[in-house]
Amino acid sequence: MAYVITRLCRDCVDTSCVSVCPEPECIVEHKPPAGVAPLPNQLFINPDQCVDCGACQPECPWEAIFPEDDVPAPFTADIALNAISGVRPEEFEQAPVLTKRAPADDEVEANKRRWTNDH
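The structure displayed is predicted, hence computed values, not measured ones.

Asker: Break down the side chain of Asp14 for me, citing the residues and quoting the values.
Answerer: Mapped onto the fold, Asp14 is located in the loop between strand E1 (3-5) and helix H1 (16-20). Buried charge Asp14 goes without a salt bridge, the closest partner of opposite sign being Lys100 at 6.3 Å. Within polar-contact distance, the side chain of Asp14 engages the side chain of Ser16 at 2.5 Å. Asp14 has contacts with Leu43, Pro61, Trp62 and Lys100, leaving out every residue within four places of it along the chain.

Asker: So what's going on with unusual backbone geometry? Residues and values would help.
Answerer: Residue Asp11 is not a glycine yet carries a positive backbone phi of 65°. Turning to its location among the elements, Asp11 is positioned in the loop between E1 and H1. Using a relative accessible area of 52% as the deciding quantity, one classes Asp11 as exposed. With phi around 40°, Val13 is a residue other than glycine that occupies positive phi space. For Val13, a relative accessible area of 13% translates into the label buried.

Asker: Tell me what's going on with helix H3 (residues 77-87), and back it up with residues and numbers.
Answerer: Because each turn of an α-helix spans 3.6 residues, side chains separated by three or four positions end up pointing in the same direction. Every buried residue of H3 is accounted for by Asp78, Leu81, Asn82, Ser85 and Gly86. The buried residues of H3 occupy one face: seen down the axis, they fall within an arc of 165°. Opposite its buried face, H3 presents the exposed residues Ala77, Ala80 and Val87, each directed more than 90 degrees away. The inward-facing, buried residues of H3 abut E1, strand E2 (27-30), strand E3 (43-45) and strand E5 (92-94).

Asker: Tell me about the side chain of Gln42, residues and numbers included.
Answerer: In this structure, Gln42 sits in the loop between E2 and E3. Residue classification places Gln42 among the buried residues on the basis of a relative accessible area of 3%. Within polar-contact distance, the side chain of Gln42 engages the side chain of Arg10 at 3.0 Å. Setting aside residues no more than four positions away along its own chain, Gln42 makes contact with Ile5, Thr6, Arg7, Cys9, Arg10, Val13, Leu81 and Asn82.

Asker: Before we move on, can you summarise helix H4 (residues 105-117) with the specific residues and values?
Answerer: For H4, spanning 13 residues, the distance from its first C-alpha to its last is 18 Å, which sits close to the expected 18 Å at 1.5 Å a residue. Inspection of H4 places Val108, Asn111 and Trp115 among the buried residues, and these make up the whole buried set. Seen along its axis, H4 keeps its buried residues to an arc of 65°; they face one direction. Away from its buried face, by an angle of more than 90 degrees, H4 presents the exposed residues Asp105, Asp106 and Asn117.

Analysis parameters
- Residues numbered from 1 in each chain as written.
- Predicted model: local features only at pLDDT ≥ 70, side-chain atom pairs only at ≥ 80, totals over all residues.
- Heavy atoms only, no water.
- Helix = DSSP H or I, 4+ residues; strand = E, 2+ residues; numbered from the N terminus.
- Buried < 20%, exposed > 50% of the residue type's maximum accessible area, 1.4 Å probe, protein only.
- Lys, Arg positive; Asp, Glu negative; His and termini not counted.
- Salt bridge = Lys/Arg side-chain N within 4 Å of Asp/Glu carboxyl O.
- Polar contact = N/O pair within 3.5 Å; in protein donor to acceptor, adjacent residues only side chain to side chain.
- Contact = heavy atoms within 4.5 Å.
- Arc of directions from axis to C-beta.
- Expected span 1.5 Å × (residues − 1).

Written as structure tokens, this is what we have:
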């Protein structure tokens, strides 16, 4: 079972999870060749590379990462979205580790409401 980065990461793209992942090609970002329709602006976990260690989950300040079997119902489509990184690996590359300000608790809660109430 792999971990899944859900849409709670969209446009937040904090890379704290990348720095603790033991597999270099596991947490990736979409870098398509010219002309390919882009995927959402978020990180993805390649299920073929994930070793199910769980190190990424507590590092995500947006609470966007879940074990595949525990992905909340509003985010189940994100399982297939992450799987694209394993099917089309040539469109993805390892996400760089970037330092960002950690979100405040109210920002995390507002982001959750954004994705569970509107979609």
